[in-house]
Amino acid sequence: MSQPILSVREVSYEAGDKACRSSFVVDTRTTGKKPAVLVFPEFWGLNDYARSRAKMLAEQGYAAMAVDVYGDGLQAQDKDQAVAQMTALMSDPAVTSARIMDALDALTSQPEVDGSRVAAIGYCMGGALALRAARLGLELRAVASFHGILASPIQAASGKVKADVLVCHGGADPLVPADSVTAFHAEMKAAGVRYELIAYPGVLHGFTEPEADARAKKYGLPLGYNAKADRASWASLLTLLSRRLDG
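Sequence order sets the numbering: in each chain, residues are counted from 1 along the sequence as written. Under the rules for a predicted model, residues below a pLDDT of 70 receive no local features and side-chain atom pairs below 80 are neither given nor counted, while totals for whole chains, interfaces and linings still include all residues. Only hydrogens and water are removed before side-chain values are computed, so all heavy atoms of the structure are retained for them.

A. A look at the packing of helix H1 (residues 48–59) against helix H7 (residues 227–245). Running from amino to carboxyl end, H1 crosses H7 at an angle of 50°, the nearest separation of the two axes being 12 Å. Classified by the angle between their axes, H1 and H7 sit oblique to one another. Note that H1 runs across H7; the crossing there is right-handed. Residues Arg53, Met56 and Leu57 of H1 lie in contact with H7, whose contacting residues are Asp230, Trp234, Leu237 and Leu241. To obtain each axis, a line is fitted to C-alpha atoms, and for helices this fit is confined to the stretch in contact; angles are then taken between N-to-C directions over 0 to 180 degrees. The way it works is that DSSP assigns letters per residue, a run of H or I at least four long becomes a helix, a run of E at least two long becomes a strand, and they are numbered from the N terminus. Small angles under 35 degrees read as roughly parallel and large ones over 145 as roughly antiparallel, with 65 to 115 read as roughly perpendicular and the rest as oblique. Here a crossing is taken to be left-handed if its near helix is turned anticlockwise relative to the far helix by less than a right angle, and right-handed if that turn runs clockwise. Note on contacts: a residue pair is in contact if any heavy atoms of the two residues lie within 4.5 Å.

This is how it looks when you write it as structure tokens:
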């Protein structure tokens, strides 16, 4: 098969009082409507890492949109700004949920997208947002969280979650303690969710992010890139997407 020919464009939409500018990418070698994936970023905001994951998905034949969760394409310049932005977004559950739903609406309104075959994934804070989308019962076939926060003010209700859920978790992640993992298992089982939680032994928070080690050193954060877990978790995601979105 020939090399992907990726088309990248900005998708602008209103989300409450925010003007969001997300990044949509699709392989132009084929026509027709494609299954699609929302990509929620880490607490840094819409940066090159989130865009790179959207491009990787487009290379696999999916339409993908890296989400501008803060509005105005805002990216944190340091840890303190990232924490402040994340806190402002996540402190109001109604605002957080609306931001997710507006992003989903923006993705499914793109002409290349088959709105009946959509997934959401996310990294760190974005993992929490992707899981929130599942808990809200949105029209998603699959949801995946990579080193995401598992606790949530909104719990999955029995029979409400439509997506199959994948959680890829660092077994040595101090930001997601063991009791949070236990509570997540209990929540998913009680709600009858089809889910899989994969814990990688000895692996830290941020294990898919190649810059994790540099940021750990710069900001004193408990982060660490792990190439093996990165590859394994991506393979698990592609298996999930193939099962739920393709065909």
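B. Examining helix H2 (residues 79–90) more closely. Helix span, as expected, comes to 1.5 Å for every residue beyond the first. Helix length check: H2 (12 residues) gives 16 Å between terminal C-alpha atoms against 16 Å at 1.5 Å per residue, within 8%. Buried within H2 are the following residues: Ala82, Gln85 and Leu89. What you see down the axis of H2 is that its buried residues fit within an arc of 70°, all on one side. In H2, the exposed positions that point more than 90 degrees away from the buried face belong to Asp80 and Ala88. The inward-facing, buried residues of H2 abut helix H3 (93–108) and helix H4 (125–135). For the exposure calls, accessible area comes from a 1.4 Å probe over protein chains only, and a residue counts as buried if that area is under 20% of its type's maximum, exposed if over 50%, partly exposed in between. Within this analysis, the arc is defined by the directions that extend from the helix axis to the C-beta atoms.

C. Fine view of the packing of aromatic side chains. Here is the rule: rings of Phe, Tyr and Trp (six-membered ring for Trp) pair when centre to centre is within 6.5 Å. Planes less than 30 degrees apart are stacked, more than 60 are edge-to-face, and the remainder are tilted. According to the stated counting rule, one finds six aromatic pairs in the structure shown. Between the aromatic rings of Phe43 and Trp44, the centroid separation amounts to 4.7 Å while the plane-to-plane angle is 70°, which identifies the pairing as edge-to-face. Since its relative accessible area comes to 6%, Trp44 is described here as buried. Taking 5.4 Å as the distance between ring centres and 65° as the angle between the ring planes, the aromatic pair formed by Tyr200 and Phe207 counts as edge-to-face. One exposure class covers both Tyr200 and Phe207, and it is buried.

D. Layout of the layout of surface pockets. There is about 410 Å³ of room inside the largest pocket. With a 1 Å grid spanning the protein atoms alone, the term cavity applies to any set of points in which a 1.4 Å probe fits but cannot get out, the term pocket to an open set with protein on both sides within 12 Å along at least five of seven lines, and the term lining residue to any residue with an atom within 4 Å of a point. Together, 28 residues line the largest pocket, and Phe43, Met86, Met125, Ile149 and His205 are the ones closest to its centre. Elements that contribute at least two residues to the lining of the largest pocket include exactly H2, H4 and helix H6 (212–219). Sorting elements by how many residues they give to the lining of the largest pocket places H4 first, with five residues. When its residues are assigned to classes, the lining of the largest pocket shows 17 nonpolar, four polar and seven charged. Grid points are joined across faces, edges and corners, and a volume is the space filled by probe spheres set on the points. Within this model, the second largest pocket holds a volume of roughly 200 Å³. Along the walls of the second largest pocket sit Trp44, Asn47, Asp48, Tyr49, Gln75, Ala76, Gln77, Asp78, Glu209, Glu211, Arg215 and Tyr219, which together make up its complete lining. Those elements giving two or more residues to the lining of the second largest pocket turn out to be H1 and H6. Under the scheme applied, nonpolar residues are Ala, Val, Leu, Ile, Met, Phe, Trp, Tyr, Cys and Pro; charged residues are Asp, Glu, Lys and Arg; polar residues are all the others, including Gly. For the lining of the second largest pocket, the class distribution of residues is four nonpolar, three polar and five charged.

E. Looking closely at the state of the cysteines. In what follows, a disulfide is any cysteine sulfur pair within 2.5 Å. Applying the stated criterion across every chain yields a total of zero disulfides. With no disulfide of its own, Cys20 lies 20 Å from the sulfur of Cys124, the closest cysteine sulfur. This cysteine, Cys124, is not joined by any disulfide, and Cys168 carries the nearest cysteine sulfur, 12 Å off. With relative accessibility at 10%, the residue Cys124 sits in the buried group.

F. Just the pairing of strand E1 (residues 6–15), in detail. A pair of strands counts as paired when DSSP detects no fewer than two bridges linking them. Here E1 pairs with strand E2 (residues 18–27) via 10 bridges, running antiparallel. Looking across to E2, one finds that Arg9 is bridged to Phe24. Where E1 hands over to E2, the hairpin turn is made up of two residues, of which Gly16 adopts a positive phi near 65°.

G. The environment of Ala178, seen in detail. Looking at the element boundaries, Ala178 is found in helix H5 (residues 178–191). Residue classification places Ala178 among the exposed residues on the basis of a relative accessible area of 60%. For the pair Ala178 and Leu104, spaced 74 residues apart in sequence, the C-alpha separation works out to 31 Å.

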